[in-house]
Amino acid sequence: MRIEISINGTSHEADVEPRLLLVDFIRNVAELTGTSTGCDTSSCGACTVLLDGASVKSCTVLAVRAEGREVTTIEGLPAYHPLKVAFHNEHALQCGFCTPGMVMASASLLAEEPDPTEAEIRMGLKGNLCRCTGYHNIVKAIRAAAPEMTK
Amino acid sequence: MIPAPFEHVFAGSIAEATTILQEDPEAKIIAGGQSLLPLMKLRFAQPSLLVDLSRVGGLSYIRESESDGGVVIGALTTHHQIASNPVLKERCRILCEAAAAIGDPQVRHMGTIGGAAAHADPAGDIPVVLLALQAELVIAGASVPKRTVAIDDFFQGFFQTALAPDEAVVEIRIPNRDRGSAYVRFTHRALSWPTVAVAVVTIGDEARIALANMGDRPLRAGASERALAEGATVDAAALLADRDTDPPSDEKASGGFRRELARVLTRRALEQALA
């Protein structure tokens, strides 16, 4: 079926099968490869994107269901977005595979709770796994980004 | 992992959705899709057609019931909306706790209460808490336009419910009761279904105790409930929690360990709910 999805403000149109997953639309149709496919079982959160502003796991959303809605991926955040700057400054990534998902999950978390405690951050990132186990610096980065986001 | 091929249609209304279900017995409703899609990717589920409810308006709401002062919740209300709703936090805290315990924020942004009820996972957080709350489900169908089913009659077996193939859950009704409650779950790791969970809702001196993952469906701990009603202590009543259950043995826990968990968690939940 023919669908049109807006990703980061740009419309992408394609003929797709209903079984196409949103993450595959993003990576293979829109050719935005910042979003990772990790576990592909809705566990690891590497494929996290925003759908109408709320975080979702794009490996567990059908692309057809995103039609007419706004998808935001890591490429949609400005290069010097406070979260990206904070992840850089706090050394909140090692191999970087989980990072796009971590940043998008964090963006959603901060939109809902602009001043989260450390515990709230850890619960808010419950659905994102970092196999380098860099959680400590990821939490520090989000704490550092929070006040910058409200400026 | 890619699901087997299927057709997909956006239903414009519940009436349209149930008519499509009636015409195609292999069709299935998709609400949030957070349980169904993983099953389809593993090819445990291979529906011919997905009837998508995401464009059906008017099914996402939380409001006080005009008739009895209880709470009514639209079937497409997400777990995130339930967990963060101020009315529910005050009136039905246990449902907020259960919704907040599901998966992670991403799953809770998509998953719905109606979908969780209809999916009827015996280990799910929503079914067991609805059972303890003595909820009613409003069901719409092609053959029977509208009916109400008590939660005690809704779960009928392993992922089996009272829903006919042409029916969909449209509303969840929680009766108004002055109550204490507690939801206690034991998990293997942070992101996981409960190995065993116990939901307790007290109504006056009586307690409804419901168990997750202690059988093929969410179960009432009937022996414990009766013992309490007859004046037994919490400790004594909790020791009966696993009676008439049939817990599974799997990689997370043996059936015997689940029985022990049910007894201990029931005691803790009763202590919290009665405090």
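Residues numbered from 1 in each chain as written. Chains lettered and ligands numbered in written order. Predicted model: local features only at pLDDT ≥ 70, side-chain atom pairs only at ≥ 80, totals over all residues.

### Re the overall build of chain B
Put simply, the rule reads: Under the scheme used here, helices are H or I runs from DSSP no shorter than 4 residues and strands are E runs no shorter than 2 residues, and both carry numbers assigned from the N terminus. The reference for a compact globule is 2.2 Å times residues^0.38; the radius of gyration itself is calculated from the C-alpha atoms. Residue pairs are scored as contacts if the distance between their C-beta atoms, which are placed from the backbone, is within 7 Å.
Of regular secondary structure, chain B possesses twelve helices and 14 strands. Compactness check: chain B gives a C-alpha radius of gyration of 18 Å against a globular reference of 19 Å for 275 residues, within 12% of the reference. When its C-alpha atoms are laid out on the principal axes, chain B stretches across 55 × 45 × 35 Å. Contacts in chain B between residues far apart in sequence, at least 24 positions, make up 61% of those at least 6 positions apart.

### Structural notes on the domain arrangement of chain B
Residues and elements named next belong to chain B. What counts, and what does not: As used throughout, domain bounds are those supplied by an automatic or database domain assignment. The nonpolar class holds Ala, Val, Leu, Ile, Met, Phe, Trp, Tyr, Cys and Pro. Asp, Glu, Lys and Arg form the charged class, and all remaining residues, Gly among them, are polar.
Partitioning chain B into structural domains gives domain 1 (7-52), domain 2 (62-174) and domain 3 (179-274). Measuring from the centre of the C-alpha atoms in domain 1 to the corresponding centre in domain 2 gives 18 Å. In this complex, domain 1 contributes 13 residues to the contact, which on the side of domain 2 involves 19 residues. Here the side of domain 1 that touches domain 2 gets six residues from one element, more than from any other, and that element is helix H1 (residues 14-23). Looking at the side of domain 1 that touches domain 2 residue by residue, the class counts come to six nonpolar, seven polar and no charged.

### A few points about the environment of Ala100(B)
All names here are of chain B. Selection rule: A residue is called partly exposed when the number of other C-beta atoms within 10 Å of its own lies between 12 and 20, exposed at 12 or fewer, and buried at 20 or more, with C-beta atoms placed from the backbone.
Along the polypeptide, Ala-100 turns up in helix H5 (residues 93-101). According to the C-beta neighbour criterion, Ala-100 is partly exposed, with 17 such atoms within 10 Å. C-alpha of Ala-100 to C-alpha of Ser-84: the two residues are 16 residues apart in sequence and 8.3 Å apart in space.

### Here we look at unusual backbone geometry
The phi torsion at Arg43(B) lies on the positive side, around 65°, for a residue other than glycine. Its location among the elements puts Arg43(B) in the loop between helix H2 (36-41) and strand E3 (49-52).

### A few points about the interface of chain B and chain A
Contacts between the two partners involve 23 residues from chain B and, on the opposite side, 24 residues from chain A. A per-element tally of the side of chain B that touches chain A places helix H6 (residues 105-110) of chain B first, with five residues. In terms of residue class, the side of chain B that touches chain A is built from 13 nonpolar, seven polar and three charged.

### Topic: the packing of helix H2 (residues 82-89) of chain A against helix H5 (residues 135-149) of chain A
Residue and element names in this part refer to chain A. Here is the rule we go by: Fitting a line to C-alpha atoms yields each axis, with helices limited to the stretch in contact; the angle taken between N-to-C directions then spans 0 to 180 degrees. The hand of a helix crossing depends on one turn: near helix anticlockwise from the far one by less than a right angle means left-handed, and clockwise means right-handed.
One can describe the packing of H2 onto H5 by two numbers: an axis separation of 8 Å at closest approach and a directional angle of 145°. Regarding H2 and H5, the two cross each other, and that crossing is right-handed. Contact residues: Pro-82, Leu-83, Ala-86, Phe-87 and Asn-89 in H2; Ala-141, Ala-144, Ala-145, Glu-148 and Met-149 in H5. Split by residue class, the contact of H2 with H5 holds eight nonpolar, one polar and one charged.

### Brief notes about the nonpolar core
Convention followed: Each nonpolar core consists of buried Ala, Val, Leu, Ile, Met, Phe, Trp, Tyr and Cys residues. Their C-beta atoms, within 7 Å, join them into a set.
If you look at the biggest cluster of nonpolar residues, it comprises 138 residues, and the most contacted ones within it are Ala63(A), Val129(B), Ala199(B), Val200(B) and Leu211(B). Ranked by the residues each element gives to this core, the list is headed by helix H3 (residues 99-112) of chain A, at seven residues.

### Some remarks on the packing of H2(A) against H3(A)
Residues and elements named next belong to chain A. Our working rule: Oblique is the label for any angle not under 35 degrees, not over 145, and not in the 65 to 115 range, which are roughly parallel, roughly antiparallel and roughly perpendicular in turn.
Contact geometry of H2 with H3 gives a least axis separation of 10 Å together with a crossing angle of 130°. In terms of orientation, H2 and H3 fall into the oblique class. Regarding H2 and H3, the two cross each other, and that crossing is right-handed. Listed contacts from H3 to Leu-83, Lys-84 and Phe-87 of H2 are Thr-99, Val-103, Ser-106 and Ala-107. Classifying every residue of the contact of H2 with H3 gives four nonpolar, two polar and one charged.

### Some points on the pairing of strand E6 (residues 136-141) of chain B
All names here are of chain B. Defined as follows: For two strands to pair, DSSP has to find at least two bridges joining them.
Among the six residues of E6, five are classified as buried, and the element is accordingly described as predominantly covered. Where E6 lies against strand E7 (residues 146-150), five bridges are found, and the strand directions are antiparallel. In the strand pairing of E7, Ile-139 is matched with Arg-147. Where E6 folds back onto E7 in an antiparallel hairpin, the turn is made up of four residues. Strand direction decides the pairing type here: E6 and strand E10 (residues 167-174), joined by six bridges, are antiparallel. Pairing of Gly-141 across the sheet is with Glu-167, part of E10.

### Here's the deal with the sheet that holds E3(B)
Strand pairing in a sheet takes place through backbone hydrogen bonds and is either antiparallel or parallel in direction. All names here are of chain B. One open sheet holds the three strands; their spatial order is E1-E3-E2, and the pairing between them is parallel. The sheet is open, and its two edges are formed by strand E1 (7-10) and strand E2 (27-30), each paired on a single side. Averaged over neighbouring strand pairs, the angle between their axes works out to 25° when direction is ignored.

### Regarding the sheet that holds strand E4 (residues 62-64) of chain B
Residue and element names in this part refer to chain B. Pairing in this open sheet of five strands is antiparallel, and the strands run E4-E5-E10-E6-E7 from one edge to the other. Both edges of this open sheet fall to E4 and E7, since each of them pairs with a single strand only. Put simply, the sheet's adjacent strands are angled 25° from each other on average, direction ignored. As paired strands, E4 and strand E5 (residues 71-74) are joined by three bridges and run antiparallel to one another. Within E5, the position partnered with Glu-64 by the bridge is Val-71. Along the sheet, H1 makes contact with E6 and E10, crossing E10 at roughly 135°.

### Observations regarding H1(B)
Residue and element names in this part refer to chain B. Rules: The directions from the helix axis to the C-beta atoms are what the arc is built from.
Every buried residue belonging to H1 is among Ile-14, Ala-17, Thr-18 and Leu-21, and all of these are buried. With its buried residues spanning 90° around the axis, H1 presents them on a single face. Against the buried residues of H1 lie E2, E3, E6 and E10.

### Concerning the domain arrangement of chain A
All names here are of chain A. Taken as a whole, chain A is organised into domain 1 (2-76) and domain 2 (82-149). Relative placement of domain 1 and domain 2: their C-alpha centres are 21 Å apart. Listed by partner, the interface residues are 15 residues for domain 1 and 13 residues for domain 2. Elements that contribute at least two residues to the side of domain 1 that touches domain 2 include exactly strand E3 (48-51) and strand E4 (54-57). If one sorts the elements of the side of domain 1 that touches domain 2 by residue count, E3 sits on top with three residues.

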